[in-house]
Amino acid sequence: MASAAQDLLLGKIVAILENEASSIAGVRDKVDDIQQELVSMKAFLMDAEGKKAQTEGGETWVTSVRDSVYDVEDIIDEFTYRIYEQESGVRVARCLYQTFYIPKNLWYRRQIAKKLDKIKGTIKAISERNQTYGVSVVTALEGTSTSHDHIQKWMRNQAEASLFTNEDELVGIEAPKKELMEYIVNGQQSQTIVSVVGMGGSGKTTLVAKIFNNDTVKRHFDCYAWVAVSQTYVIEDLFRSLIKQFHEARKEEIPRDINIMSFGELVKILVNYLNSKRYLVVLDDVWDINLWSQIRVSLQDRQLGSRVVLTTRNNDIASYAFGVASHVHHIQHLGKKDTWELFCKKTFSTHPNKSCPLELEPYARALVGKCNGLPLAIVALGGLMSSKESSSEWSNVCNSLNWHLTNDPLLGYMKSILLLSFNDLSYRLKQCFLHCSLFPEDYLMRRKRLIRLWIAEGFVEHVKGVTPEVVADGYLLELCFRSMLQVVERNEAGRPKKCKMHDVMRELALSTSEKEKFCAVYDGKDEAIEARRLSIQSEGEIKSNTGISQLRSILVFVKETTLPSDCKFLRVLDLENVSITKLPDDLGYLFNLRYLNLRRTQIMELPKSIGKLRNLQTLDIRESKIEELPKGIAKLLSLRHLIIYRYTGDYLGFRYVKGTSVPVDVSKMNKLQVLACVEAEGDTIRQVGCMTQLVRIGITNVKESDEMHLCDSIQKLQLLHYLFLMASDEEEILRTNAICSPPPLLQVVILVGRLENVPLWFHSLQSVTTLYLHWSKLEEDLVPHIEALPNLGYLTLINAYVGKQLYFRRGFVKLKWLQMYNHPLLTEITIENGVMPNLNHLHVESCMSLKTLPLGLEFLTNLQKLILVTVPGKIIMPIRKGAVNRPKVQHIPEILHFFDISSQRFYERLS
């Protein structure tokens, strides 16, 4: 991580050169020298990062480099802070400043020069140490290849050992084995690639080995071979392995001189040998998709039903367009029952019935919970605990699992296997992954929150022509594809919405972070803080120490806490859900602050000094008590995300969300990407049209008289993805027909308020995936206007239609989610056969005039969930078990009926 820290430092120096030119006049040459020194070191540090030194000497050297870079960062930040203090701290008139402060300014420039000389000396010292110890350090780093090769060899041996594992030692394997075998021996004549994907240690190799060894499978193919690929491979060696195994399986003589044959000769042998044979090839542990482009020339498709099975940790590889038929099998972690069974088998193998003693069960359950169904972790922890008999020993491991993962040799190989994925990441992705360990165990991390945090931290590379948000989004997707993060929830477009870290991966990330001084978790213990980032997960007062002043980020995950003082270099302050009522008045002196999250706090107003935070990129005050922003907010010219709305809790009522008043000159913040939601007052709507970088806009309190300015502004926002408009009250008509050409990238449209008719521009929403109409009270039938929208996947209608019938005659080809709430006059919903063929979820609520359930439910063959809330009891009776219309809904896996009795809500399961 030293190279990553240095890269951030380089960015700081470049920013100083660009933005502080006047302040550093006279010392610019010194800053230039520092920049050049750092650039010359960067290649070495990135090489060290890639080789990941394991020897003590190598690690010590890289650690000293990292610490030196951190020291330099502190000096740079101190330098910038003093400049900022000079510019913003003086309260006297300009003339007095010129009269009395010029001597002080000259003195300060001399101090800057001294500090810059110190920086230069520090960096030169690092370079000199590089030259002095370069040979030994390089030797130490090269020595790591031996360690890496040892791990790779051990993994290959383990893979081969999987071929001989007894079936009774395994649990939870029968169902996936049966599913996968159907793709391998299904009789399809074209060559098929079957990819088995999952995080390290999830049992991919074990599952495929059981199938590979199955007698039915072997009889189905003429020849078969298993090749362990791993991160480093030589394609010619893979060809030799294939040739040897094919011949050995058929008890044939292996071609002579195979070990000295060229690439072309080896390919020729394989092509000729497989010309008329149905083959099965397993490529185990694939890390690089280029492998397929190299190996496919030897594995040609002769339409004989051949199969290639590959295992990988990377979804990108599994989902690759191989050019032939393919199938992806995602490994599922073991369920609670299977996890417990496997743990007991490995831990209590000498106990009667391999059962856990009662006095140890609480500790055993806690450890099993940490494994989250990951077989490698279960087996490794089971092996560790099998030798521990007393409750005190078990308690010790439970309370110090992080230490055991780092230091206990019995867990060493598990750590090595899991860290292979980490070490394969670029240094920027490593930063992002380690940053996720700041969140508590099992915490659901929101995609947008992570993206904004990573940008604020400086982890995101500058890519010409691409916004940092898009680059960071790519980082998150890659971590998910590589199985480093687990996707828990997806948004309407299918992108990750919430993610989590596997508990064991998080423990490994924490141990790495603490070692690298990257971040630390405060758990209430009175210990010195040496990391750059702090996650507060226990209540109490954090005492000031030398480490506190060096903090760059604080994230708080408890309700009550006392924030440490003297953190003037903070880049990130995340107080989401904290019961704080007031921010300190000197908040404005956090010159370095990029990210301020006050979501769901009790704060009622922002301090006036917030206008001094000229580097602030994200301000999130949603669902706080703040109703108006101070005038100084318009000075935050670096702001990219301003999130300022509040929910009322009445999700079916008209005013379910409220916006926030903003200053009159809000358009000065022309870097804003997100502005949600702003109250329409004065000239606000017209100013919004000047903020052409917006991708998301929310405007409340819109009046009929705003139509022309509103429509004109919306049409200017060509980058807009998300549009939210709310009328001033439920009787005010939301007029938008003057929109001739809506933004072409628009994906989400939410309109709250009365509509005289269906907006004319709806038919041109070719990119829209989500349409939400709230209290529209349309008399005109909406359906014909939106049925042909090609990408509409989510449709929500709340008191949107005052007619009696909704008739879905055609279209809605991609609709997955249909919700209809609060339509008091609606008597009938009809869905024709072939309409919305991909509907997965149907929700009907507060439609008390319905005479029957939606007609056509039997045609919705992909419907997984039907939710009925506060609907007439007479429409429920016909679908109960044994009733006349039961056959029309029996294909739906989950049917829930919610109803109220004496102001209490109950539900019944009808499926």
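Participant: Give a description of the overall build of the protein chain that names residues and reports values.
Facilitator: In terms of regular secondary structure, the protein chain is built from 25 helices and 30 strands. Among the 911 residues that make up the protein chain, the fraction classed as buried is 53%. Pairs at least 24 apart in sequence give 60% of the contacts found in the protein chain among residues at least 6 apart. Of the accessible surface of the protein chain, which amounts to about 39,900 Å², a share of 50% is contributed by carbon and sulfur atoms.

Participant: So, the pattern of salt bridges: which residues are in play, and what are the values?
Facilitator: Under the definition given, this model contains 33 salt bridges. Among the salt bridges present, the one from E478 reaches R482, with a minimum N-O distance of 3.0 Å. Of the residues examined, E478 reaches a relative accessible area of 28% and is grouped as partly exposed. With a relative accessible area of 15%, R482 lands in the buried category. Each of the salt bridges in this network shares a partner with another, and the network as a whole consists of R446, R449, D574, E576, R599, R600 and E623.

Participant: Residues and numbers for the sheet that holds strand 6 (residues 445–446), please.
Facilitator: Think of a sheet as strands paired side by side through backbone hydrogen bonds, with each pair either parallel or antiparallel. Across the sheet, 3 strands lie side by side as 6-8-7; this open sheet has antiparallel pairing. What marks the edges here is a single partner per strand, and that holds for strand 6 and strand 7 (486–490). Of the pairings in the sheet, the one linking strand 6 to strand 8 (residues 496–500) comprises 2 bridges and is antiparallel in character. Considered in strand 8, the bridge of R446 is made with K498.

Participant: Go over the packing of helix 19 (residues 427–436) against helix 20 (residues 447–457), please, and point to the residues and values.
Facilitator: It is at 11 Å that the axes of helix 19 and helix 20 come closest, and there the two elements cross at 120 degrees. Judged on the interaxial angle alone, helix 20 and helix 19 are oblique. The hand of the helix 19/helix 20 crossing is right-handed. Two secondary-structure elements touch here, helix 19 through C432, H435 and C436 and helix 20 through L450, L453, W454 and E457.

Participant: Any details on the sheet that holds strand 4 (residues 307–312)? Residues and values, ideally.
Facilitator: An order of 2-3-4-1-5 is seen for the 5 strands of this open sheet, with the pairing classed as parallel. Of all the strands in the sheet, the pair left with one neighbour each is strand 2 (223–228) and strand 5 (325–330). Across this sheet, the average inter-strand angle for adjacent strands is 15 degrees, counted without regard to direction. In terms of strand pairing, strand 3 (residues 279–286) meets strand 4 through 5 bridges, oriented parallel. By the bridge assignment for strand 4, V286 is matched with T312. Packing of helix 7 (residues 204–212) onto the sheet brings it into contact with strand 1 (192–197), strand 2, strand 3, strand 4 and strand 5, and relative to strand 2 it is tilted by some 165 degrees. Most of the contacts of helix 9 (residues 235–249) go to strand 2, to which it runs at about 145 degrees, and overall it touches strand 2 and strand 3.

Participant: Outline empty space enclosed by the protein, supporting the account with residue identities and numerical values.
Facilitator: A complete count under the given rule lists 9 cavities of 30 Å³ or more for this structure. Its boundaries defined by the atoms lining it, the second largest cavity holds a volume of some 80 Å³. Lining the second largest cavity, in full, are V286, W287, T312, R313, N314, I317, S421, D424, L425, R482 and M484. For the lining of the second largest cavity, a count of residues per class yields 5 nonpolar, 3 polar and 3 charged.

Participant: Residues and numbers for unusual backbone geometry, please.
Facilitator: In this model, A676 is joined to C677 through a cis peptide bond whose omega is -5 degrees. Here C677 lies in strand 18 (residues 674–679). Of note in this structure, N577 is not a glycine but carries a positive phi near 75 degrees. With respect to the helices, strands and loops of the structure, N577 is situated in the loop between strand 12 (572–574) and strand 13 (595–597).

Participant: Which residues make up the pairing of strand 19 (residues 696–702), and what are the values?
Facilitator: Moving residue by residue along a regular strand, the side chains alternate between the two faces of the sheet. Where burial is concerned, most of strand 19 is hidden: 7 out of the 7 residues are buried. Examined bridge by bridge, strand 18 and strand 19 share 4 bridges and lie parallel to one another. Bridge assignment links L675 to a residue of strand 19, and that residue is I697. Here 5 bridges tie strand 19 to strand 20 (residues 722–727), and the two strands are oriented parallel to one another. The residue bridging R696 from the neighbouring strand is Y722, located in strand 20. Note that the unit made of strand 19, helix 24 (residues 707–716) and strand 20 has a crossover that is right-handed.

Participant: Which residues make up the packing of helix 14 (residues 361–371) against helix 22 (residues 503–515), and what values go with them?
Facilitator: Put simply, helix 14 and helix 22 touch, their axes get as near as 6 Å, and they point 85 degrees apart. The angle between helix 14 and helix 22 places the two elements in the roughly perpendicular class. On the side of helix 14, the interface is formed by G369, K370 and C371, while helix 22 contributes D503, V504 and E507. By residue class, the composition of the contact of helix 14 with helix 22 is 2 nonpolar, 1 polar and 3 charged.

Participant: Which residues make up the packing of aromatic side chains, and what values do they have?
Facilitator: The full count for this structure, using the stated rule, is 26 aromatic pairs. Summarising the aromatic geometry, the rings of F439 and Y443 are spaced 5.4 Å apart at their centres and angled 40 degrees between planes, so their arrangement reads as tilted. On the basis of relative accessible area, Y443 is assigned to the partly exposed category, the value being 22%. Cluster of aromatic residues (ring-pair linked, three or more members): W340, F343, F348 and W394. Over the ring of Y273 we find K277, and its NZ or CZ is 4.0 Å from the ring centre. The cationic tip of R533 hangs over the ring face of F518; the distance from NZ or CZ to the ring centre is 4.2 Å.

Participant: Let's hear about the side chain of N799: which residues, and what values?
Facilitator: Structurally, the position occupied by N799 is in the loop between strand 23 (794–798) and strand 24 (805–808). Assessed through its relative accessible area of 7%, N799 is described here as buried. In this structure N799 touches W775, S776, K777, Y821, N822, H823 and P824, once residues within four positions along its chain are discounted.

Participant: Which residues make up the environment of L751, and what are the values?
Facilitator: Summarising the element assignment, L751 is placed in strand 21 (residues 748–752). Since its relative accessible area comes to 0%, L751 is described here as buried. With 24 residues separating them in the primary sequence, L751 and A727 have C-alpha atoms 8.4 Å apart. If near-sequence neighbours (up to four positions away) are discounted, L751 is found in contact with L725, L734, P759, W761, F762, Y772, L773, H774 and S776.

Participant: Pulling in residues and values, what's your account of helix 9?
Facilitator: Taking 1.5 Å per residue, 15 residues should reach 21 Å; helix 9 reaches 21 Å between its end C-alpha atoms and fits that length. Buried positions along helix 9 lie against strand 2, helix 10 (263–273), strand 3 and helix 11 (290–295).

Participant: Explain the state of the cysteines to me, using residue names and the numbers behind them.
Facilitator: Overall, the coordinates contain 0 disulfides when judged by the stated rule. Of all cysteine sulfurs, the one in C356 lies closest to C344, which takes part in no disulfide; the gap is 5.6 Å. Not part of a disulfide, C740 finds its nearest cysteine sulfur in C711, a span of 8.3 Å.

Participant: Help me get a handle on the environment of E832, residues and values and all.
Facilitator: With respect to the element layout, E832 can be found in the loop between strand 26 (828–831) and strand 27 (841–845). Considering only alpha carbons, one finds E832 and L857, 25 residues apart in sequence, at a separation of 9.1 Å. For E832, the contacting residues outside a window of four places in its chain are Y807, F808, R809 and F859. Within the local environment of E832, its side chain forms a polar contact with the side chain of Y807, the two groups lying 2.5 Å apart.

Participant: Mind laying out the environment of L868, listing which residues take part and the relevant values?
Facilitator: By the secondary structure assignment, L868 is in strand 28 (residues 865–869). Setting aside anything within four residues of it in sequence, one finds L868 in contact with V844, L853, I876, I879, L896, H897 and F898.

Participant: Give a description of the confidence of the model for the protein chain that names residues and reports values.
Facilitator: Residues with a pLDDT of 70 or more make up 82% of the protein chain, whose mean pLDDT is 85. Mean pLDDT across the secondary structure elements of the protein chain bottoms out at helix 4 (residues 94–100), with 34, and peaks at strand 20, with 98. Segment residues 90–103: pLDDT under 50, and 10 contacts once partners within four positions in sequence are set aside and those in other chains are kept. Here residues 135–146 is a poorly scored stretch, pLDDT under 50, and it has 14 contacts once near neighbours within four places are set aside; other chains count.

What counts, and at which threshold
- Residues numbered from 1 in each chain as written.
- Predicted model: local features only at pLDDT ≥ 70, side-chain atom pairs only at ≥ 80, totals over all residues.
- Heavy atoms only, no water.
- Helix = DSSP H or I, 4+ residues; strand = E, 2+ residues; numbered from the N terminus.
- Buried < 20%, exposed > 50% of the residue type's maximum accessible area, 1.4 Å probe, protein only.
- Contact = heavy atoms within 4.5 Å.
- Areas by Shrake-Rupley, 256 points an atom, 1.4 Å probe, with all protein chains shown as cover.
- Salt bridge = Lys/Arg side-chain N within 4 Å of Asp/Glu carboxyl O.
- Pairing = 2+ DSSP bridges.
- Axes fitted to C-alpha atoms, helices over the stretch in contact; angles between N-to-C directions.
- Parallel < 35°, antiparallel > 145°, perpendicular 65-115°, else oblique.
- Left-handed = near helix turned anticlockwise from the far one by under 90°.
- 1 Å grid on protein atoms, 1.4 Å probe; cavity = no way out; pocket = protein on both sides within 12 Å on 5 of 7 lines; lining within 4 Å.
- Points joined across faces, edges and corners; volume = space filled by probe spheres on them.
- Nonpolar A, V, L, I, M, F, W, Y, C, P; charged D, E, K, R; others polar.
- Right-handed = clockwise from strand over helix to strand, strands pointing away.
- Phe/Tyr/Trp six-rings, centres within 6.5 Å; stacked < 30°, edge-to-face > 60°.
- Lys NZ or Arg CZ within 6 Å of the ring centre and 35° of its normal.
- Expected span 1.5 Å × (residues − 1).
- Disulfide = S-S within 2.5 Å.
- Polar contact = N/O pair within 3.5 Å; in protein donor to acceptor, adjacent residues only side chain to side chain.
- pLDDT = per-residue confidence, 0-100.

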